[in-house]
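Coordinate inspection notes
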Amino acid sequence: MSGSRVVVAGGGLAGISAALALADAGLRVTLLEARGRLGGATYSFQRDGLWLDNGQHVFLRCCTAYRAFIERIGSGDLVTLQRRLDIPVIHPDRGVSRLARSDLPAPLHLGPRLAAYRHLSRWDKLRIARTAAALARLDLGDRSLDQQTFGGWLRKFGTSPRALEALWDLIVLPTLNLTSDEASLWQSAMVFQVGLLTDAPAADLGYTTVPLGEAHGARAAAALAAAGVDVRLNAAVSGIERRDGADVHVRVGGERLRASALVLAVPHEPAARLVPTEIHANAESFAHLGHSPIVNLHVIYDQPVMDHAFAAGVGTPVQWVFDRSAAAGLTMGQCLAVSLSGATAYAARPTEELRAMFVPELARLFPRAAAARVTAFYVTREHRATFRPSPGTLRLRPRATTSDPRIALAGAWTDTGWPATMEGAVRSGRQAARSVLLALGRERDLPTAA
C-alpha cells in the first residue's frame, strides 16, 4: 500500500483534507495547487502592514468535520467558539437586540430571547413559531423541495418582509450566499434543521482569531509536510488521461504524473473541463451551478467604534461586521470587517462608491464611528465565492465517486448535503479519500465524512 501514489489536484480545504486522510492511511500523496499558496478560497493578504482575510469565514459547533480538520492541522489554538450562541443584532433606530440560546432543549432553546427580540413584531413572533415547527417537519429525503424557493415557502405562512430580513435572511444569507427569495427550500431547510432546530448547541458560532493564511495555509502546510505529502505549488493541472488500464496520468505543464488514483478537488468550472466525459457523462452540467459573489469591506478607524466582537445588522446594507483588529495586527484604532453575502449588487461597484455608501451606514449602527476618522478602506471581491444553491441545483451536484473508481471528485460544490461552506469542503475531501481508498482495496479504518 505504501508504494501507491495518489495525486490530489487542488490545495483548498477539500484537497488538504483528502491528502491528509490518504496519507494517514499509508499512501504516498502528491498535492498539486495552481496558486502559490494553500487554503483555496480562504486566504489572507498584507496591505499597508496589516494582515487582512479575503473574507470573514465562520463555523458552527455542528461543523464537526471542519472542527476535526482544525485539530488535525494543529490550529485548535487559533480559533474561538462561543460557549453559547449569542448574536448582537443592531438596527439603526431600534438599537441592539440579541439572538441567543438558553439552557432549554431544542427547539425551545431560542424561545426566551426570540420573545424579547425587538426587531420583530408580536405577530411575527407568533408566525415564526408555527413556521419553525413546519420547517422542522420537512423531509430532507424529499428532493422535490429543491424545486421551490425558501422565500416562497415562507410566505405561505404569512412571513412579513420585516421577519424575512430580521430573522430568516439573517441566517440564510451568510450560510447559503443567497437571499431566502433566491435560495432552494431544500438547502435552507437543511441549514435550519441541522443548525438550529434539532440540537441546542449546534449554532454556537466560531471563527479564527488569526489571519486565515496562518490558521489554514501555514498550519496545513506543516501538517502535510509532517504526513509526508509532496506539496507542489504553482502546479496547475491541464489534463487527465486514463492509461494502461490501471493508472491515471495527470498533466501538469509539460510533465505527466502517473498515479494509481486521483482526487480532483478544484472548483466546479475547471472540473467541468478536466473530468473525462467517459467517466462522468454530465460533467458539463457542473458549470451550470453558477456563482454567487461575496464582497468584504475592511474599514480601519483611528479609534475603537464597536464594542462587540461581531454583530449583525438589520435595516441597513451592513449584513455582518467583525472586529479583526488583533488578527490584522492593528495596535491602535479598530479594524472592522464587513461581510456582504449574495453581493451581486456590490461586486462591480468602485471602492470609493462602496466607501461612500457603507461608512455612513456603519456610523448609523455605531455612533462613535461618526466622530472617528477612517484611515483606510479596502475592498476584497470574490466574484466566484460559491456556487448558487438556487432551486434545481441539487441535481447538478455530483457525488464523490465517478464511474472510474480511481478518480474521485471533491469540493464544497459536490453533493455533500451541506452548503458551500468550510464544513462542506472538508466533508467532500474526506468522502473523496474514502472513495479512493476503497478503489485501491483499503477497506479498514476508512475516513468518515464528519
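Residue positions are given per chain, counted from 1 along the sequence in the order it is written. pLDDT decides what is reported in this predicted model: residues at 70 or higher carry local features, side-chain atom pairs at 80 or more are listed and counted, and totals for whole chains, interfaces and linings draw on all residues regardless. Excluded from the side-chain calculations are hydrogens and water; all other atoms, namely the structure's heavy atoms, are used.

1. A word on helix H12 (residues 422-439)
Taking 1.5 Å of rise per residue, 18 residues should cover 26 Å, and H12 covers 26 Å from first to last C-alpha, within 8% of that figure. Only protein chains enter the accessibility calculation, which uses a 1.4 Å probe. A residue is then buried if its area is under 20% of the maximum for its type, exposed if over 50%, and partly exposed in between. Numbering of helices and strands runs from the N terminus, with a helix taken as a DSSP run of H or I at least four residues long and a strand as a DSSP run of E at least two residues long. Taken across its 18 residues, H12 has 13 buried, putting it largely inside the fold. The span you would expect from a helix comes to 1.5 Å times its residue count less one.

2. What to know about the sheet that holds strand S1 (residues 5-9)
At least two DSSP bridges between two strands are needed for those strands to be called paired. A sheet is described by the order of its strands in space; here 5 strands give the open sequence S10-S2-S1-S14-S20, paired in parallel fashion. Strands with a single pairing partner mark the edges of an open sheet, and in this sheet they are strand S10 (230-232) and strand S20 (407-409). For this sheet, the mean inter-axis angle between neighbouring strands, taken without regard to orientation, is 15 degrees. Two residues form a contact once any of their heavy atoms are found within 4.5 Å. The axes used here are C-alpha line fits, helices contributing only the stretch in contact, and every angle between their N-to-C directions lies in the interval 0 to 180 degrees. The strands touched by helix H1 (residues 13-24) are S1, strand S2 (28-32) and strand S14 (261-264); relative to S2, the strand with the most contacts, the crossing angle is about 170 degrees. Seen against the sheet, H12 touches S1, S14 and S20 and runs at an angle of roughly 165 degrees to S20.

3. Concerning the pairing of strand S17 (residues 320-323)
As paired elements, strand S16 (residues 310-313) and S17 share 3 bridges and run antiparallel to each other. Each residue of the ladder has a partner; that of Phe310, found in S17, is Phe322. Linking S16 back to S17 in an antiparallel pair, the connection comprises 6 residues, with Gly315 at a positive phi of about 70 degrees. Here S17 runs beside strand S18 (residues 334-340); their pairing, made up of 4 bridges, is antiparallel. Opposite Trp320, over in S18, you have Ser339 as the bridge partner.

4. Here we look at the packing of aromatic side chains
Aromatic pairing here means that ring centres of Phe, Tyr or Trp (its six-membered ring) are within 6.5 Å. Orientation follows from the plane angle: under 30 degrees is stacked, over 60 is edge-to-face, and everything else is tilted. Under the criterion given, the structure shown has 14 aromatic pairs. Between Phe150 and Phe192, the aromatic rings sit 5.6 Å apart at their centres with planes inclined by 35 degrees, giving tilted as the arrangement. Taken together, the residues Phe150 in helix H5 (residues 150-155) and Phe192 in helix H7 (residues 185-197) connect sequence positions 42 residues apart. For the pair Phe150 and Phe192, a shared accessibility class is recorded, and that class is buried. Aromatic side chains Phe310 and Trp320 sit 6.3 Å apart centroid to centroid with 25 degrees between the ring planes, which places their arrangement in the stacked category. Taken together, the residues span a long stretch of sequence, with Phe310 in strand S16 and Trp320 in strand S17 at a distance of 10 residues. Both residues of the pair, Phe310 and Trp320, belong to the buried class. Through a chain of ring-to-ring contacts, three or more aromatic side chains come together here, namely Phe150, Trp153, Phe157, Trp168 and Phe192. Whether a charge sits over a ring depends on NZ of Lys or CZ of Arg being within 6 Å of the ring centre and within 35 degrees of the ring normal. Sitting above the plane of the Trp123 ring, Arg122 keeps its charged end 5.6 Å from the centroid. A cation sits over an aromatic face here: Arg143 above Trp186, 5.5 Å from the ring centre.

5. Some words on the sheet that holds strand S5 (residues 58-60)
The strand order across the open sheet built from 3 strands is S5-S9-S6, with neighbouring strands paired in antiparallel fashion. Both outer strands of the open sheet, S5 and strand S6 (79-81), are each paired with one neighbouring strand and no more. Direction aside, neighbouring strands of the sheet carry axes that sit 25 degrees apart on average. Sheet topology places S6 next to strand S9 (residues 205-208); 3 bridges connect them, and they run antiparallel. Counterpart to Leu81 in the pairing with S9 is Gly206.

6. Regarding the packing of helix H6 (residues 161-176) against H7
The contact between H6 and H7 brings their axes to 11 Å, and the two run at 105 degrees. The orientation of H6 relative to H7 falls into the category roughly perpendicular. Facing Trp168, Ile171, Val172, Thr175 and Leu176 of H6, the residues of H7 in contact are Gln187, Ser188, Val191, Phe192 and Leu196. For this classification, the nonpolar set comprises Ala, Val, Leu, Ile, Met, Phe, Trp, Tyr, Cys and Pro, the charged set comprises Asp, Glu, Lys and Arg, and every other residue, Gly included, is treated as polar. Taken together, the residues that form the contact of H6 with H7 break down as 7 nonpolar, 3 polar and no charged. When describing relative orientation, an angle under 35 degrees is termed roughly parallel and one over 145 degrees roughly antiparallel, while 65 to 115 degrees is termed roughly perpendicular and anything else oblique.

7. Considering the packing of H1 against H12
As a packed pair, H1 and H12 sit with axes 7 Å apart at the nearest point and diverge in direction by 40 degrees. Taken as a pair, H1 and H12 cross one another with a handedness that is right-handed. Residues Leu13, Ala14, Ser17, Ala18, Ala21 and Leu22 of H1 pack against Met422, Ala425, Val426, Ser428, Gly429, Arg430, Ala433, Val436 and Leu437 of H12. For the contact of H1 with H12, the per-class residue count stands at 11 nonpolar, 3 polar and 1 charged. Should the near helix be turned counterclockwise from the far one by less than a right angle, the crossing is left-handed, whereas a clockwise turn marks it as right-handed.

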